[in-house]
Amino acid sequence: MKAFTYQRADTTARAAAAAVKPGTKIIAGGTNLLDLMKLQVETPSALIDINRLPLDKIEDTSDGGLRVGALVRNSDLAADSRVRQRYGVLSRALLAGASAQLRNKATTGGNLLQRTRCYYFYDITKPCNKRSPGSGCAALAGFNRIHAILGGSDHCIATHPSDMAVAMRALDAKVETVNPEGEARVIPIAEFHRLPGKTPEIETSLKSGEIITAVTLPPPPPGVQVYRKVRDRASYAFALVSVAAIVDSAQGKIRSARFAFGGLAQKPWRVPQAEQKLAGTPANTASFNTAANAVLEGARGYGGNDFKIPLTRRTLHGVLAETTRT
Amino acid sequence: MDENESHTEHHPFDITRRTVIETGTTALLLSALPRGALAAGAVDDNGPPQPPAKVELQINGRSHSLTLDPRTTLLDALREHLALTGSKKGCDHGQCGACTVLIEGRRINCCLTLAVMHDGESITTIEGLGEGDNLHPLQTAFVEHDGFQCGYCTSGQICSAVGMLAESRSGMPSYVTANLTQPAAELTDMEIRERMSGNICRCAAYPNIVAAIKQAAGLPT
């Protein structure tokens, strides 16, 4: 690790003000940041520890939703009785991620901000436009089994590793922030993560010093909630493909459906047109195929990850069949 | 040196007959290095060190005051500064679970957290579970069921299992819990395996680890 100064923040405003300084990083759970600092992928000169700020509550909102503080640990969010009863897709997605030890530390805000697990991003001897802008992308023609098939660019084909964010995308969550001037902002999760384009080093719409304070969940939509994660081993592995689905159906007919995907892109992937195509259709293979075609429009493999295209199709089929079973 | 002895900051590599026997010449060679070099080894120095930070840790019921380079992980603080070497450094990246300890009763990977982040907090390591020959029920069960072969992952497995059983008693679900709304899932083999997946055993003693945990939990094995 490169040397850094350590400071504990006593207020969110002071943390935001301190975070504006170049080289400064906020640390919460630290499970991803310290991992990257040990490899010198991240080399902050100052760490601001926000762990003791009062951002660790889960509160009911007046509209029947939930407001989840940025420092709520992944395990506590997954175990909350309201989340388990009303947002099962979120609880299941959280429990699908990492290990129990990591979930006990990792926070809601930090989970959204975790970095890709692209091998080349992690290896500082290799080119990577995300870690070192302009150096190139070693994944395009390299080992790219875990990489993006949607939303990538000639500059980067990394994926976002979060399970939690995929469920939050299906639930239309909103990210609440505060900036160094103390101004609050609400960012729909659809706009929170950015696609790589020519600037893969910019991963979110957060501005300098802007700190996540909470994530709000609107009231749960009607329907059956499922999170299915396909990976190389049964537990404690990142998704090759994952699906968060909320499907409302009766007597073999789909009233409404939402589905977001993990493991496919640099952000949780959701295609509203695909969901609209399913609404009002019978729950059968033809309908599922139509939806899968719409999800996979523009999908592209890079060799090692070609299998993700049929795998996405099959996983969506499986999830839709499961959620519409009568 | 008695690992359970109460210390304020003490030299990490005090030589005794026991450490010489256990570690051979390595400890002697390291003891000849200046203090700064030892601390640097633990944090992989690179560039000028920042001013040290003071931290007070409650470890296994005893208070320890340390002055540390801010880079020192909790794992390195335990092993290199307090000679509590029961917590193991396997991968040092949160992937293997060998460094699992309990903070305020919750299991975490102490390689992925900084010691200074835990000022005033209560930490339980494998050294704090049993006392001498009076073993913790999970330690007894691991011995009775051969829940290890080389033993390197064992202290992490046992600390993790202590945390896991507490989580289970408090009603924490897991990814394989069929019904998330049920108050508490039964600890089947599948549940135990899923809940313990953060602890890797390269000797693959998994069936015996599951049996040991079931015995300690009072389940038929």
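So, how was this worked out
Residues numbered from 1 in each chain as written. Chains lettered and ligands numbered in written order. Predicted model: local features only at pLDDT ≥ 70, side-chain atom pairs only at ≥ 80, totals over all residues. Heavy atoms only, no water. Helix = DSSP H or I, 4+ residues; strand = E, 2+ residues; numbered from the N terminus. Buried < 20%, exposed > 50% of the residue type's maximum accessible area, 1.4 Å probe, protein only. Contact = heavy atoms within 4.5 Å. Areas by Shrake-Rupley, 256 points an atom, 1.4 Å probe, with all protein chains shown as cover. Lys, Arg positive; Asp, Glu negative; His and termini not counted. Charge placed at Lys NZ, Arg CZ, Asp CG, Glu CD. Axes fitted to C-alpha atoms, helices over the stretch in contact; angles between N-to-C directions. Parallel < 35°, antiparallel > 145°, perpendicular 65-115°, else oblique. Left-handed = near helix turned anticlockwise from the far one by under 90°. Nonpolar A, V, L, I, M, F, W, Y, C, P; charged D, E, K, R; others polar. Pairing = 2+ DSSP bridges. Salt bridge = Lys/Arg side-chain N within 4 Å of Asp/Glu carboxyl O. Phe/Tyr/Trp six-rings, centres within 6.5 Å; stacked < 30°, edge-to-face > 60°. Lys NZ or Arg CZ within 6 Å of the ring centre and 35° of its normal. Patch = residues over 30% accessible without salt bridge, like charges linked within 9 Å, V, L, I, M, F, W, Y side chains within 5 Å. Core = buried A, V, L, I, M, F, W, Y, C linked by side-chain atoms within 4.5 Å. Buried area = accessible area lost by both parts, 1.4 Å probe. Polar contact = N/O pair within 3.5 Å; in protein donor to acceptor, adjacent residues only side chain to side chain. pLDDT = per-residue confidence, 0-100. Expected span 1.5 Å × (residues − 1).

A look at the overall build of chain A
Then, number 1: Looking only at helices and strands, chain A has 13 helices and 12 strands in total.
Then, number 2: Taking the principal axes of the C-alpha coordinates as reference, chain A spans close to 60 × 50 × 35 Å.
Then, number 3: Relative to its 326 residues, chain A shows a buried fraction of 58%.
Then, number 4: Restricting to contacts in chain A with at least 6 residues of sequence separation, those with at least 24 account for 63%.
Then, number 5: A total of about 12500 Å² of accessible surface is found on chain A, and carbon and sulfur atoms cover 52% of it.
Then, number 6: Counting 43 positive and 27 negative side-chain charges, chain A places the averaged centre of each group 5 Å from the other.

Focus on the packing of helix α5 (residues 137-144) of chain B against helix α6 (residues 154-169) of chain B
All names here are of chain B.
Then, number 1: Running from amino to carboxyl end, α5 crosses α6 at an angle of 125°, the nearest separation of the two axes being 10 Å. Comparing their axes, α6 and α5 come out oblique. Seen from above, α5 lies across α6 with right-handed handedness. Contacts between α5 and α6 pair Leu 138, Gln 139 and Phe 142 from the former with Thr 154, Gln 157, Ile 158, Ala 161, Val 162 and Leu 165 from the latter.
Then, number 2: Taken together, the residues of the contact of α5 with α6 sort by class into 6 nonpolar, 3 polar and no charged.

A short note on the sheet that holds strand β9 (residues 224-230) of chain A
All names here are of chain A.
Then, number 1: Strand order in this open sheet of 4 strands is β9-β10-β11-β12, and the pairing throughout is antiparallel. With partners counted over all chains shown, the strands left at the sheet margins are β9 and β12 (269-270), one partner each.
Then, number 2: Contacts from helix α5 (residues 88-96) reach β9 and β10 (241-250), with the element oriented near 20° to β9.

Considerations on the pattern of salt bridges
Then, number 1: Taken as a whole and judged by the stated rule, the model has 31 salt bridges over all chains.
Then, number 2: Ionic pairing is found between Asp92(B) and Lys38(A), a salt bridge with its closest N-O pair at 2.8 Å. Residue Asp92(B) is found in the loop between α4 (74-81) and β3 (100-103), and its partner Lys38(A) is found in helix α2 (residues 33-38); the two belong to separate chains. Each member of the pair, Asp92(B) as well as Lys38(A), carries the same accessibility label: buried.
Then, number 3: One connected set of salt bridges, linked through shared partners, spans Lys25(A), Glu42(A), Arg115(A), Lys130(A) and Glu203(A).

Comments concerning the sheet that holds strand β6 (residues 174-178) of chain A
All names here are of chain A.
Then, number 1: Strands sit in the order β4-β5-β8-β6-β7 across an open sheet of 5 strands; the sheet is antiparallel. Looking along the sheet, the strands with just one partner apiece sit at the ends: β4 (58-60) and β7 (184-188). Each adjacent strand pair in this sheet contributes to an overall mean axis angle of 25°, direction not counted.
Then, number 2: Summarising the sheet, strand β5 (residues 66-69) and strand β8 (residues 211-217) pair through 4 bridges and their orientation is antiparallel. Following the sheet pairing, Leu 66 is matched in β8 by Leu 217.
Then, number 3: Sitting on the sheet, helix α1 (residues 12-19) touches β6 and β8, and the angle it makes with β8 is about 125°.

Section: the pairing of strand β2 (residues 62-68) of chain B
Residue and element names in this part refer to chain B.
Then, number 1: With 7 bridges joining them, strand β1 (residues 53-59) and β2 adopt antiparallel strand pairing. The residue bridging Gln 58 from the neighbouring strand is Ser 63, located in β2.
Then, number 2: Counted between consecutive antiparallel strands, the loop separating β1 from β2 contains 2 residues, among which Asn 60 sits at a positive phi close to 50°.

Here's the deal with the packing of aromatic side chains
Then, number 1: In this structure the tally under the stated criterion is 3 aromatic pairs over all chains.
Then, number 2: Pairing Phe121(A) with Tyr122(A) gives two aromatic rings, centres 6.1 Å apart and planes at 75°, and the pair type is edge-to-face. Here Phe121(A) matches Tyr122(A) in class, with each residue buried.
Then, number 3: In this arrangement the basic side chain of Arg231(A) is found over the ring face of Tyr175(B), its NZ or CZ atom lying 5.1 Å from the centre.

Comments concerning a nonpolar patch on the surface
All names here are of chain B.
Then, number 1: Taken together, the side chains of Leu 135, Val 143 and Phe 148 make up a nonpolar region of the molecular surface, amounting to roughly 240 Å² of accessible area.
Then, number 2: Note on placement: Phe 148 falls in the loop between α5 and α6.
Then, number 3: Of the residues examined, Phe 148 reaches a relative accessible area of 32% and is grouped as partly exposed.

Structural notes on the nonpolar core
Then, number 1: Among the nonpolar cores identified, the biggest contains 37 residues, and Leu77(A), Leu90(A), Leu112(A), Met168(A) and Leu217(A) are the most heavily contacted of them.
Then, number 2: Elements supplying a minimum of two residues to this core: β5, α3 (74-79), α5, α9 (164-170), α10 (189-192), β8 and β10 of chain A.
Then, number 3: Core analysis: the next-biggest nonpolar cluster, separate from the first, contains 34 residues, Tyr6(A), Leu33(A), Met37(A) and Leu78(B) among them.

What to know about the pairing of β3(B)
Residue and element names in this part refer to chain B.
Then, number 1: Covered by surrounding structure in β3 are Thr 100 and Leu 102 together with Val 101 and Ile 103, the residues of both alternating faces.
Then, number 2: Of the strand pairs in this sheet, β3 and strand β4 (residues 106-109) are connected by 4 bridges, and their pairing is antiparallel. Bridge pairing in β4 links Thr 100 to Asn 109.
Then, number 3: Between β3 and the antiparallel strand that follows it, β4, lie 2 residues; Glu 104 among them carries a positive phi value of about 50°.
Then, number 4: Strand direction decides the pairing type here: β3 and strand β5 (residues 122-124), joined by 2 bridges, are antiparallel. The residue bridging Leu 102 from the neighbouring strand is Thr 124, located in β5.

Some remarks on the interface of chain A and chain B
Then, number 1: Listed by partner, the interface residues are 47 residues for chain A and 48 residues for chain B.
Then, number 2: Across the interface of chain A and chain B, roughly 3700 Å² is buried in total on both sides, 52% from carbon and sulfur atoms.
Then, number 3: Measuring nitrogen to oxygen at the nearest pair gives 3.0 Å for the salt bridge that ties Asp76(A) to Arg106(B).
Then, number 4: At the boundary of chain A with chain B, the tally comes to 26 residue pairs in polar contact (both at pLDDT 80 or more).
Then, number 5: Of all the elements in the fold, those that place two or more residues in the side of chain A that touches chain B are β1 (5-8), α2, β3 (46-49), α3, α4 (81-86), α5, α6 (100-105) and β9 of chain A.

Details of the confidence of the model for chain B
Residues and elements named next belong to chain B.
Then, number 1: When pLDDT is averaged across chain B, the result is 85; 78% of the residues are at 70 or more.
Then, number 2: Segment residues 1-42: pLDDT under 50, and 48 contacts once partners within four positions in sequence are set aside and those in other chains are kept.
Then, number 3: Predicted complex, confidence summary: ipTM 0.97, pTM 0.92.

Section: helix α13 (residues 308-324) of chain A
Residues and elements named next belong to chain A.
Then, number 1: Between its first and last C-alpha, α13 extends 24 Å over 17 residues, near the 24 Å set by a 1.5 Å rise per residue.
Then, number 2: Of the residues making up α13, those classed as buried are Lys 308, Leu 311, Thr 312, Thr 315, Leu 316, His 317, Val 319, Leu 320, Thr 323 and Thr 324.
Then, number 3: Along its buried surface, α13 packs onto β9, β10, β11 (253-262), α11 (272-278) and α12 (285-295).

Thoughts on unusual backbone geometry
Then, number 1: Positive phi is not limited to glycine here, since Gln40(A) has a value of about 60°.
Then, number 2: Here Gln40(A) lies in the loop between α2 and β3.
Then, number 3: Positive phi, close to 50°, is recorded for Glu104(B), a residue that is not glycine.

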